[in-house]
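Summary of structural features
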Amino acid sequence: MDVDLIIAGGGLVGLSLAHAVAAAGLQVAVIDPVPPEAATEAVFDGRVSALGRASYRMFDALGLTGDMASEAQPILDILVSDGAPASGGYRGPSPLTLHFGHTDAGAGPLGHIVENRVIRVAQNRAVAQQGNMTLIAPDRVLDAEPDSDGVTVRLASGDKLRARLCVAADGRDSALRTAAKIKTVRWAYGQTGIVTTVHHDRPHAGVAHEYFLPAGPFAILPMTGNRASLVWTEPTARANAIMQLDQNAFDAELSQRFGSHWGAVCSHGPRWSYPLAFHLARDYIAPRLALIGDAAHGIHPIAGQGLNLGLRDAAALAEVIVDAHRLGLDIGAPTTLAGYAQWRRFDNMSLAVTTDLLNRLFSNDLPPLRLARNLGMALVDRIAPMRNLFLRHAAGEVGTLPRLLKGQSL
Ligand SMILES: Cc1cc2nc3c(=O)[nH]c(=O)nc-3n(C[C@H](O)[C@H](O)[C@H](O)COP(=O)(O)OP(=O)(O)OC[C@H]3O[C@@H](n4cnc5c(N)ncnc54)[C@H](O)[C@@H]3O)c2cc1C
């Protein structure tokens, strides 16, 4: 064997698994077509991630939060409100607002907002210091050939690597998933998420705002300073037109939706756009192969949960692998992998379906549905145990948590 574990994809999820497993003493190779310096350039990925409490605890257990802390914005409150179009613009949030406060849910913030670039910088620094991990980039995994002892992974460079197990963390168009003939259920939403950073006059006090507009959700995610990141969802044709607007016209459109709660607002820096789609792999495992993160599932960003799910995959798989290794078992054996697939399938499937339904329920302006969702939100807002259940889901604190998500080392 060249290494114990090969991970295709050095994205946020693949590198998290690599850190966890390498820190426990296994030899890991990570392959990615994008060199680490390019992946941390400001233009590479303008997104932020809303990391639930459990995900942030995992980064803490992996020793990554020291490098992120000064740029991680604690989420103190979440405001969810329905917005309906008025002639010529958007009226403000409905008075039937759903409010989640951090004091409702025990100690500490509900989570943290961190720029993806900042997470990558922290991960790359840790890669450089981790002797058990090799990052091979740029290169690309083509396919993986399993046999009784291990798996041979073929790279685009012509190199071959051998390990006990190969993990596909190579994103939504996973080459390894295709090569293993794992089918997916998938559909496109016909919506595109516009992402940009805005500056505003008044402090946001750590409040994240999800504003449901008929065209799709408009999420305002507080960043450090008087800044916020937007995930502004529109039907794709309209999103493409908005992307072409000059700064003044773009800011006028955005101010209409943003409201005036944080004073004057203006966009800053580049804009990104992400066509939104759903996919779920029918199987998470194949002989000597396990799928994690977006290679296994891609969900609507309406609840900011895609990365959180991927980190839960990484934490569960890391625990299963490390426990098997310590017992002297084969980390790529079918029984080891079955434990991982069983652990993760229900959580991933239920959140994928929930986010899909939420998007269908909220991305329209049908009066009966508007009434039903407003009443639903008002009801949840008034019933503390229901509010707390939603909060625990958002924080990633339901179900059997892997040790890393409890903040423990492996
Ligand atoms: C607009 C938007 C906002 C979002 N906001 C949030 C949020 O607030 N919170 C949250 O939890 N989630 C959020 N998400 C979801 C989240 O961004 C993704 O779920 C997450 O980034 C997936 O990470 P990943 O590492 O699994 O996949 P990716 O980030 O896609 O990484 C895959 C990696 O594999 C590499 N690769 C590709 N092909 C190969 C190959 N053949 N061989 C080797 N490597 C390969 C790629 O270069 C890449 O580095 C959002 C998504 C969108 C679109």
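Bear in mind that the values here come from a model prediction, so they are computed numbers and not experimental data.

Definitions and limits used
Residues numbered from 1 in each chain as written. Predicted model: local features only at pLDDT ≥ 70, side-chain atom pairs only at ≥ 80, totals over all residues. Heavy atoms only, no water. Helix = DSSP H or I, 4+ residues; strand = E, 2+ residues; numbered from the N terminus. Rg over C-alpha atoms; globule rule 2.2 N^0.38 Å. Buried < 20%, exposed > 50% of the residue type's maximum accessible area, 1.4 Å probe, protein only. Lys, Arg positive; Asp, Glu negative; His and termini not counted. Charge placed at Lys NZ, Arg CZ, Asp CG, Glu CD. Pairing = 2+ DSSP bridges. Contact = heavy atoms within 4.5 Å. Near = heavy atom within 4 Å. Polar contact = N/O pair within 3.5 Å; in protein donor to acceptor, adjacent residues only side chain to side chain. Areas by Shrake-Rupley, 256 points an atom, 1.4 Å probe, with all protein chains shown as cover. Axes fitted to C-alpha atoms, helices over the stretch in contact; angles between N-to-C directions. Parallel < 35°, antiparallel > 145°, perpendicular 65-115°, else oblique. Left-handed = near helix turned anticlockwise from the far one by under 90°. Core = buried A, V, L, I, M, F, W, Y, C linked by side-chain atoms within 4.5 Å.

**A word on the overall build of the chain**
Counting secondary structure elements, the chain contains twelve helices and 22 strands. Against the 2.2 N^0.38 benchmark of 22 Å for 410 residues, the chain shows a C-alpha radius of gyration of 21 Å, consistent with a compact globule. C-alpha extents for the chain along the principal axes are approximately 65 × 45 × 40 Å. By the burial criterion, 51% of the 410 residues in the chain qualify as buried. Once the 36 positive and 38 negative side-chain charges of the chain are each reduced to a mean point, those two points are 5 Å apart.

**Describing the sheet that holds strand β21 (residues 289-291)**
Across the sheet, which stays open at both edges, the six strands sit in the order β10-β2-β1-β14-β21-β20 with mixed pairing between neighbours. Because the sheet does not close on itself, it has two edges, and the strands there are β10 (133-136) and β20 (285-286). In the sheet, strand β2 (residues 28-31) pairs with β10 via four bridges, with the strands oriented parallel. Along β10, the bridge assignment pairs Ile-31 with Ile-136.

**Digging into the pairing of strand β15 (residues 184-200)**
Both β15 and strand β19 (residues 265-281) contribute to a ladder of 13 bridges, which runs antiparallel. Residue pairing across strands places Val-185 opposite Leu-280, the latter belonging to β19. One ladder, built from nine bridges, connects β15 with strand β18 (residues 227-235); its direction is antiparallel. Within β18, the position partnered with Val-198 by the bridge is Ala-228.

**Considering the side chain of Ser-16**
Tracing the backbone shows Ser-16 in helix α1 (residues 12-23). Sequence-distant contacts of Ser-16, defined by excluding residues within four places in its chain, comprise Met-58, Phe-59, Leu-62, Gln-123 and Leu-311.

**Thoughts on the site of the ligand**
Near the ligand there are 30 residues, and of these Asp-32, Ala-50, Val-141, Asp-294 and Leu-307 occur at the shortest range. Ile-31 is positioned with one of its backbone polar atoms (N or O) 3.4 Å from a nitrogen atom of the ligand. The fraction of the free accessible surface of the ligand (1000 Å²) that becomes covered by protein chains is 87%. Elements that contribute at least two residues to the shell around the ligand include exactly α1, β3 (48-52) and α9 (306-326).

**So, the packing of α1 against α9**
Look at α1 against α9: their axes get within 9 Å of each other, and the N-to-C directions meet at 25°. Judged on the interaxial angle alone, α9 and α1 are roughly parallel. In this structure, α1 meets α9 at a crossing whose hand is right-handed. Between α1 and α9, the residues in contact are Leu-12, Val-13, Ser-16, Leu-17, Ala-20 and Val-21 and Leu-307, Gly-310, Leu-311, Ala-314, Leu-317, Ala-318 and Val-322, respectively.

**Section: the nonpolar core**
In terms of nonpolar packing, the biggest core is built from 83 residues, with Leu-5, Ile-7, Leu-17, Val-28 and Met-68 touching the most fellow members. When residues no more than four places from it in sequence are discounted, the contact partners of Leu-5 are Leu-17, Val-21, Gln-27, Val-28, Ala-29, Ala-163, Leu-165, Val-167 and Ile-321. Within the second largest apolar cluster, 21 residues are counted, among which are Leu-110, Val-195, Ala-208 and Leu-391.

**Considering the environment of Leu-358**
With respect to the helices and strands, the residue Leu-358 is situated in helix α10 (residues 334-362). Spatially, the C-alpha atom of Leu-358 lies 15 Å from that of Gly-190, the residues being 168 residues apart in sequence.

Purely geometric stuff here, so don't read any function into it on its own.
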